[in-house]
Amino acid sequence: MSTSTTPKIDLISAASYANGQPHEQFRWLRENDPVHWHEQKSARGFWAVTRYQDVWAIGRDAKTYSSYAGGILLDDPDEFSLQQSRSMMLHMDPPDHTRYRTLVSREFIPRSANALVPRVQELARKIIDDVIERGECDLMPDFAGVLPSYVIAELLGIPLEDGRRLYALTEKMHSAHEAVNEQERAAAGLEMLSYGLNLAEEKRKHPGNDIATKLLNSEIDGDRLTPAEYSFFFLLLINAGGDTTRNLLGGGMLALFNHPGQRRRLQGNLDGLLPSAVEEMLRYVSPVIYMRRTATCDTELGGKKIRAGDKVAMYYGSANRDASMFPDADKFDVGRTPNEHIAFGGGEHFCLGSHIARVEIQVMLREIMTRLPDIEQAGPVEFLPSNFISGPSKLPVRFTPKRG
Ligand code: HEM
């Protein structure tokens, strides 16, 4: 048992995330109570799982730990919303999940992601062009938020500006209760779903070489996606690919500002270190704070008795700082190898967009580091008021435009 003082354990309030992920709490939990019963004001509590091996094991056991039973968020959805959201593969268990995943996975394999590189480069150049003359900006909306929304727009074959609008909606959907009320959250979800339905109509009339069109024509065992299933897939792609990537870029840049030695090392050898630097950013930042599962039967984890129906949260940010897996786990090291981080989850639901996210961040980091080599933080960082997605909401920066 560790002798460190016990911090107040609260993994729910937005206040706990005001300075990023609550690493002091995570450390204490890993050392003292790695499968911790956490109370929740508005509902029955949940098990907070903080060690790497336990998080890893839960992700790979969809039979015992279901995404279908209660969804992936700690707030229990009402029966109607839960029923509806089960049209989305994130909320499915095998074998349904496997069939759906097969439908789309071809668009997300490394070869498809690599084919996006030239277009992502163009988009990254445009993003920097739009601000370079100003000499300063807020890195979060101006760089980090724009790229994923453009890339998703590109994948879906919709106008870039629509990508930005839809992205703003995902931010609302992921914010904590204190920041966005239930009505606003529901309205954002509805707007997104109705965009998806209209898009289906549009792509039927004007098919393109994009995922939106391909999904319309996909079949599972002879069945096509229903309109609801289609628009939920659309919502999932935008939701899952937007502020995750944004926060990786923002959180990754912040880590570079806070570690000037590592930054110099990376800038001095971009070709050699970019891939490992991106993996280290994924580990260190862990943009997805947790995913929930629901136990389907009585079981045991870390010596605790988990009952059927219990909620279990896998804390990726904590697992990624587990010293039994990562030597010097709190150290940010752009050359870290091996780096078996779990920021993209694991098992059946392993992030479908991982290769695209890697392409996006590598291209954008290269663009920033080469065109804005003296970029620096120009004011205090603020973090998202969310207990689900972690990253800066505001990160003022300044830079000297590179001429010629
Ligand atoms: C840094 C960026 C990203 C991070 C950290 C991230 C993280 C994750 C995690 C942890 C999961 C697992 C969910 C679970 O186990 O329940 C997941 C699933 C998923 N991600 Fe990502 N993601 C990122 C980027 C993206 C992008 C760019 C896309 C799409 C273009 C995407 C699409 C998806 C989808 C569709 C799923 C659901 C997969 C399934 O249910 O089988 N993600 N992501």
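Scroll up a little and you will see the structure.
Residues numbered from 1 in each chain as written. Predicted model: local features only at pLDDT ≥ 70, side-chain atom pairs only at ≥ 80, totals over all residues. Heavy atoms only, no water.

A word on the layout of surface pockets
Next up, step 1: One number sums up the size of the second largest pocket: a volume of about 360 Å³.
Next up, step 2: Lining the second largest pocket are 19 residues, and of these N19, G20, Q21, H23 and F383 sit closest to its centre.
Next up, step 3: Put simply, the parts of the chain that give the lining of the second largest pocket at least two residues each are α13 (243-258) and α15 (270-285).
Next up, step 4: Among the elements that take part in the lining of the second largest pocket, α13 stands out by supplying four residues, more than any other.
Next up, step 5: Of the residues assigned to the lining of the second largest pocket, the class counts are eight nonpolar, 10 polar and one charged. (1 Å grid on protein atoms, 1.4 Å probe; cavity = no way out; pocket = protein on both sides within 12 Å on 5 of 7 lines; lining within 4 Å. Points joined across faces, edges and corners; volume = space filled by probe spheres on them. Helix = DSSP H or I, 4+ residues; strand = E, 2+ residues; numbered from the N terminus. Nonpolar A, V, L, I, M, F, W, Y, C, P; charged D, E, K, R; others polar.)

Brief notes about the packing of helix α10 (residues 182-205) against helix α12 (residues 227-241)
Next up, step 1: Look at α10 against α12: their axes get within 8 Å of each other, and the N-to-C directions meet at 120°. With respect to each other, α10 and α12 are oriented oblique. Here α10 and α12 pass one another in a crossing that is right-handed. Mapping the contact onto sequence places G189, M192, L193, Y195, G196, L197, L199 and A200 in α10 and P227, Y230, S231, F232, F234, L235 and I238 in α12.
Next up, step 2: For the contact of α10 with α12, the per-class residue count stands at 12 nonpolar, three polar and no charged. (Axes fitted to C-alpha atoms, helices over the stretch in contact; angles between N-to-C directions. Parallel < 35°, antiparallel > 145°, perpendicular 65-115°, else oblique. Left-handed = near helix turned anticlockwise from the far one by under 90°. Contact = heavy atoms within 4.5 Å.)

A look at the pattern of salt bridges
Next up, step 1: Under the counting rule described, the total for this entry stands at 23 salt bridges.
Next up, step 2: With its nearest N and O atoms 3.2 Å apart, the salt bridge here joins D76 to K311. Taken together, the residues span a long stretch of sequence, with D76 in the loop between β3 (65-66) and α3 (79-85) and K311 in strand β10 (residues 311-315) at a distance of 235 residues.
Next up, step 3: Take D76: its relative accessible area is 42%, and that puts it in the partly exposed class.
Next up, step 4: With a closest N to O distance of 3.1 Å, D142 and R134 form a salt bridge.
Next up, step 5: Connected via shared salt-bridge partners are R27, R321 and D330. (Salt bridge = Lys/Arg side-chain N within 4 Å of Asp/Glu carboxyl O. Buried < 20%, exposed > 50% of the residue type's maximum accessible area, 1.4 Å probe, protein only.)

So, the site of the ligand
Next up, step 1: H97, R101, R293, H349 and C351 are the nearest of the 27 residues found near the ligand.
Next up, step 2: R101 is positioned with one of its side-chain polar atoms (N or O) 2.7 Å from an oxygen atom of the ligand.
Next up, step 3: Listed by contribution, the elements that provide at least two residues to the shell around the ligand are α4 (96-105), α12, α13 and β7 (290-295).
Next up, step 4: Classifying every residue of the shell around the ligand gives 17 nonpolar, seven polar and three charged. (Near = heavy atom within 4 Å. Polar contact = N/O pair within 3.5 Å; in protein donor to acceptor, adjacent residues only side chain to side chain.)

Quick word on the side chain of Q21
Next up, step 1: If you trace the backbone, Q21 turns up in the segment before α1 (23-32).
Next up, step 2: Separated by 3.3 Å, the side chain of Q21 and the backbone oxygen of V285 make a polar contact.
Next up, step 3: Excluding its chain neighbours within four sequence positions, the residues that come into contact with Q21 are F26, V285, S286, I289, G317 and S390.

Re the sheet that holds strand β14 (residues 396-398)
Next up, step 1: Read across the sheet, three strands follow the order β4-β14-β11 without closing on themselves; strand pairing throughout is antiparallel. Lying at the two open borders of the sheet, with one neighbouring strand each, are β4 (136-138) and β11 (376-377).
Next up, step 2: The sheet contact formed by β4 and β14 spans three bridges and is antiparallel. Counted as the bridge partner of E136 is R398 from β14. (Pairing = 2+ DSSP bridges.)

Concerning the coordination of the iron atom of the ligand
Six octahedral donors around a metal ideally subtend angles of 90 or 180 degrees, whereas four tetrahedral donors ideally subtend 109.5 degrees.
Next up, step 1: There is one protein donor for the iron atom of the ligand, and it is C351 (SG), at 2.3 Å.
Next up, step 2: You can see C351 is positioned in the loop between α16 (316-319) and α17 (354-371). (Donors = N, O, S within 2.8 Å, 3.2 Å for Na, K, Ca; no water.)

Regarding α13
Next up, step 1: Here α13 spans 22 Å end to end across 16 residues, near enough to the 22 Å set by a 1.5 Å rise per residue.
Next up, step 2: Of all the 16 residues making up α13, 15 are buried; the element is thus mostly covered by neighbouring parts of the structure. (Expected span 1.5 Å × (residues − 1).)

Examining the nonpolar core
Next up, step 1: L139, F143, M253, L256, M364, L365 and I375 are the most contacted members of the largest nonpolar core, which totals 88 residues.
Next up, step 2: When neighbours within four sequence positions are excluded, L139 is seen to be in contact with A144, G250, M253, I375, L395 and V397.
Next up, step 3: Grouped together as the second largest cluster of nonpolar side chains are 35 residues, I58, Y315, A329 and I342 included. (Core = buried A, V, L, I, M, F, W, Y, C linked by side-chain atoms within 4.5 Å.)

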